[in-house]
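Each chain, written out:
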Amino acid sequence: MKIPKPDMSGTAWARRLLVAAGVAMIAFALFGGGAASLSTSPYLKFVLKVTLAVLVLALPLTLAAGWLIGKVVPVVVRPIVQGACIATALIVAIALPAVLGRGRDATMPSALPRNYATGLWTVLAVVWAAAIVLIVVRIVRRRTHP
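Let us look at the structure shown here.

What counts and what doesn't
- Residues numbered from 1 in each chain as written.
- Predicted model: local features only at pLDDT ≥ 70, side-chain atom pairs only at ≥ 80, totals over all residues.
- Heavy atoms only, no water.
- Core = buried A, V, L, I, M, F, W, Y, C linked by side-chain atoms within 4.5 Å.
- Buried < 20%, exposed > 50% of the residue type's maximum accessible area, 1.4 Å probe, protein only.
- Helix = DSSP H or I, 4+ residues; strand = E, 2+ residues; numbered from the N terminus.
- Contact = heavy atoms within 4.5 Å.
- 1 Å grid on protein atoms, 1.4 Å probe; cavity = no way out; pocket = protein on both sides within 12 Å on 5 of 7 lines; lining within 4 Å.
- Points joined across faces, edges and corners; volume = space filled by probe spheres on them.
- Nonpolar A, V, L, I, M, F, W, Y, C, P; charged D, E, K, R; others polar.

On to the nonpolar core. Counting eight residues, the largest nonpolar core consists of Ile 69, Val 73, Val 77, Ile 80, Val 81, Ala 84, Ala 131 and Ile 135. Among the secondary structure elements, those contributing two or more residues to this core are α3 (78-100) and α4 (116-144). The biggest single contributor to this core is α3, with three residues. Setting aside anything within four residues of it in sequence, one finds Val 81 in contact with Ile 69, Val 73, Trp 128 and Ile 135.

The computed volume of the largest pocket comes to approximately 210 Å³. Surrounding the largest pocket, Thr 62, Ala 65, Gly 66, Ile 69, Gln 82, Cys 85, Ile 86, Ala 89 and Leu 90 form its lining. Listed by contribution, the elements that provide at least two residues to the lining of the largest pocket are α2 (41-72) and α3. For the lining of the largest pocket, the element with the highest residue contribution is α3, accounting for five residues. Put simply, the second largest pocket is a space of about 180 Å³. Contributing to the lining of the second largest pocket are Ala 89, Val 92, Ala 93, Leu 96, Pro 97, Leu 100 and Arg 102. Split by residue class, the lining of the second largest pocket holds six nonpolar, no polar and one charged.

Spelled out as structure tokens, the structure:
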């Protein structure tokens, strides 16, 4: 069996340099960013918590949702449902800290001044209403154009 030669093009070298620069920046940030007074433990704890949350919670839930969509949703509308589920997950992940009130301070009324739960439900209703409209359009088109 012949061993393939490594890619030595300019693009490959640029990619390697960018990856090395990114890894160096991550290491620099994790180990205090050059400041002697900063401790690395809060950053390392955060990275570990996020990694565990993704591996223990997000990944299994995503796999289960994908499996369930594949089993339950008809093939004709599956991409629309998948897109709406992805949009829902992203919107909830972004809005959750505000909905839970993280960062709210009674002495600062301008910090998180709105009812973010209502806003979240409104946005999700719009996303799923659009998905339902697209599903209806797709089904009607399929029936009228055999």
